[in-house]
Amino acid sequence: MKYVDEFRDGKLARGLARAIRSEIDPRRIYRLMEFCGGHTHTIARHGIEDLLPPSVRMIHGPGCPVCVLPIGRLENAIGLTREHGVTLCTYGDMLRVPAAKGNSLLTAKARGADVRMVYSVNDALAVARDNPEREVVFFAIGFETTTPPTAVAILQAERESLPNFSVFCNHVLTPPAMAAIAGSPGAQGSAIVPIDGYVGPAHVSTVIGSRPYEHFAAHYRRPVVITGFEPLDVMQAVRMLVRQLNEGRSEVENEFTRAVTRDGNLKAQQLMAEVFERRTSFEWRGLGSVPYSAQRIKSRFQQFDAESRFCVTPQSIPDHKACECGDVLRGLKKPADCRVFGTVCTPETPIGSCMVSSEGACAAHYAYGRFRDHQRSA
Ligand code: SF4
């Protein structure tokens, strides 16, 4: 197949659904987690759960970068604007994520903070060049996909000797989060929810390759199938996982061969290794503190590290009392299980982070799945 619409062909999807149904073992349940928010969006948008047999259960994972950032880090970012008067540049989704006491970056902006939406870290570099009198901080979030561009920006700032540019680094890592979900010893909330197999991330895997999941699959005896973001990709991954589980295998398989290799993008990995090192621990919304699950800027680039430049103190702040994002991110609950879903909490008035980004499980279910809930209950 060559064109994107071929990966959305309904006839082929129904054929794959029939193939999955013919392969399932009627004596068992298949609990499959799609780690990545992009896959959650695909599953909701294309109604994939409606095509799957009831014994195949899709569980949403924590792979939405906006969703997993804890409130404490967001409050740190707001504090940079309030206490240090910096110009804070970040992606659009971050602006509306609820912080503590009804705060957000958008409300901070309304109160006069200089918060700017950017499409890439390069835009933040441009803001720093154009405003030499301002301290410009890039509020960096995301998994291994968005980390290499941040590394390039820091190297570029060093080359240009940009004195007013720094990065508030919140880049996180996928394999340690998968281990935390699978119940790694020492991770807060271990043995979170029983999962039989994982739909592995697409974009992240283009960078890190399929090799880093091999230890995970062998250690936790859980199959991983890396797959693309189109509906037929996801259906095929489900079929491959069902087949592995039936055969008692726990291997890493790559459905997304058109973009992912075993070794990944070595240049991107080298850039990340040059600029970043692992934190010993990092707090995730929903998962708590996860060992070695995030990046920090190496001391060689300290002048570009907003955390050290502005003496940012880590803080831990609980979610809104009504919010069940933690359980949704751990796969313990579905969005519609939250009592404020679709009433108090909507994309226009989000109470939790999972309702903000289109990759968030609650936002995806609000956009596509809630109508099916009504049909089922009618
Ligand atoms: S509906 Fe809103 S408050 Fe409830 S879990 Fe989802 S984002 Fe959080």
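Fair warning: this is a prediction, and the values are worked out from it, not measured in the lab.

Conventions adopted
Residues numbered from 1 in each chain as written. Predicted model: local features only at pLDDT ≥ 70, side-chain atom pairs only at ≥ 80, totals over all residues. Heavy atoms only, no water. Helix = DSSP H or I, 4+ residues; strand = E, 2+ residues; numbered from the N terminus. Rg over C-alpha atoms; globule rule 2.2 N^0.38 Å. Buried < 20%, exposed > 50% of the residue type's maximum accessible area, 1.4 Å probe, protein only. Contact = heavy atoms within 4.5 Å. Areas by Shrake-Rupley, 256 points an atom, 1.4 Å probe, with all protein chains shown as cover. 1 Å grid on protein atoms, 1.4 Å probe; cavity = no way out; pocket = protein on both sides within 12 Å on 5 of 7 lines; lining within 4 Å. Points joined across faces, edges and corners; volume = space filled by probe spheres on them. Nonpolar A, V, L, I, M, F, W, Y, C, P; charged D, E, K, R; others polar. Domains from an automatic or database assignment. Axes fitted to C-alpha atoms, helices over the stretch in contact; angles between N-to-C directions. Parallel < 35°, antiparallel > 145°, perpendicular 65-115°, else oblique. Left-handed = near helix turned anticlockwise from the far one by under 90°. pLDDT = per-residue confidence, 0-100. Pairing = 2+ DSSP bridges. Phe/Tyr/Trp six-rings, centres within 6.5 Å; stacked < 30°, edge-to-face > 60°.

**Thoughts on the overall build of the protein chain**
(1) Moving on: Secondary structure summary: the protein chain contains 17 helices and 13 strands in total.
(2) Moving on: The C-alpha radius of gyration computed for the protein chain amounts to 21 Å, which stays within 12% of the reference 21 Å derived for 378 residues, consistent with globular compactness.
(3) Moving on: Overall size of the protein chain, expressed as C-alpha extent along the three principal axes, is 65 × 45 × 45 Å.
(4) Moving on: A buried classification covers 57% of the 378 residues belonging to the protein chain.
(5) Moving on: Excluding contacts between residues fewer than 6 apart, the proportion of contacts in the protein chain whose partners are at least 24 apart in sequence is 77%.
(6) Moving on: Of the roughly 16300 Å² that the protein chain leaves accessible, carbon and sulfur atoms contribute 51%.

**Some remarks on the layout of surface pockets**
(1) Moving on: Taken as a whole, the largest pocket spans an internal volume of roughly 410 Å³.
(2) Moving on: Surrounding the largest pocket, 20 residues form its lining, Pro65, Gly142, Thr145, Thr146 and Glu359 being those nearest its centre.
(3) Moving on: Residue classes in the lining of the largest pocket are distributed as 10 nonpolar, eight polar and two charged.
(4) Moving on: Both domain 1 (1-322) and domain 2 (325-377) contribute no fewer than three residues apiece to the lining of the largest pocket.

**Quick word on the packing of helix 10 (residues 174-182) against helix 12 (residues 212-220)**
Geometrically, a packed helix pair is captured by the angle between its two axes and the distance between the axes.
(1) Moving on: Interhelical geometry of helix 10 versus helix 12 gives an angle of 10 degrees and a closest axis separation of 10 Å. As far as their axial angle goes, helix 12 and helix 10 are roughly parallel. In terms of crossing hand, the pair formed by helix 10 and helix 12 is right-handed. When helix 10 is examined against helix 12, the residues Thr174, Pro175, Met178, Ala179 and Ala182 are found in contact with a partner set consisting of Pro212, Tyr213, Phe216 and Tyr220.
(2) Moving on: Classifying every residue of the contact of helix 10 with helix 12 gives eight nonpolar, one polar and no charged.

**Overview of the confidence of the model for the protein chain**
In low-pLDDT segments, the atomic positions of the prediction should not be examined closely.
(1) Moving on: Across the protein chain, pLDDT averages 93, with 96% of residues at or above 70.
(2) Moving on: When the criterion is pLDDT under 50, residues 184-191 qualifies, and its contacts beyond four places in sequence or with other chains add up to 13 contacts.

**Looking at the pairing of strand 3 (residues 87-90)**
(1) Moving on: Burial along strand 3 is two-sided: the residues Thr87 and Cys89 and Leu88 and Thr90 are all buried.
(2) Moving on: The pairing of strand 3 with strand 4 (residues 115-117) spans three bridges and is classified as parallel. Each bridged residue has a counterpart across the sheet, and for Leu88 the counterpart in strand 4 is Val115.

**Quick word on the packing of aromatic side chains**
(1) Moving on: Throughout the structure, instances matching the rule amount to seven aromatic pairs.
(2) Moving on: Note on Phe35 and Phe143: the rings are 5.9 Å apart at their centroids and 80 degrees apart in plane angle, and the pair reads as edge-to-face. Of this pair, Phe35 sits in strand 1 (residues 30-36) while Phe143 sits in the loop between strand 5 (136-142) and helix 9 (147-160), and the two are 108 residues apart along the sequence. In this pair, the class of Phe35 matches that of Phe143, namely buried.
(3) Moving on: Where Tyr198 meets Phe216, the ring centres are 5.1 Å apart and the plane angle is 85 degrees; that geometry is what we call edge-to-face.

**Considerations on empty space enclosed by the protein**
(1) Moving on: As enumerated under the stated definition, the model contains three cavities of 30 Å³ or more in all.
(2) Moving on: Together, 13 residues line the largest cavity, and Cys325, Cys338, Val340, Cys345 and Cys362 are the ones closest to its centre.
(3) Moving on: When grouped by side-chain class, the residues that make up the lining of the largest cavity number 11 nonpolar, one polar and one charged.
(4) Moving on: Roughly 50 Å³ of internal volume is contained in the second largest cavity.
(5) Moving on: Lining the second largest cavity are 13 residues; nearest its centre among them are Gly61, Cys64, Leu329, Glu359 and Ala361.
(6) Moving on: Those elements giving two or more residues to the lining of the second largest cavity turn out to be helix 2 (37-45), strand 2 (56-63) and helix 16 (325-329).
(7) Moving on: When residues of the lining of the second largest cavity are assigned to their parent elements, the largest contribution, three residues, is made by strand 2.
(8) Moving on: Residue composition of the lining of the second largest cavity, by class: six nonpolar, six polar and one charged.

**What about the sheet that holds strand 1?**
Pairing between the strands of a sheet is mediated by backbone hydrogen bonds and can be parallel or antiparallel.
(1) Moving on: Spatial ordering of the open sheet is given by 2-1-7-8-9, a layout of five strands whose pairing is parallel. At either margin of the open sheet sits one strand with a lone partner, and together these are strand 2 and strand 9 (252-254). On average, each strand axis in the sheet is inclined to that of its neighbour by 25 degrees, with strand direction left out of account.
(2) Moving on: Where strand 1 lies against strand 2, six bridges are found, and the strand directions are parallel. Bridge pairing in strand 2 places Glu34 opposite His60.

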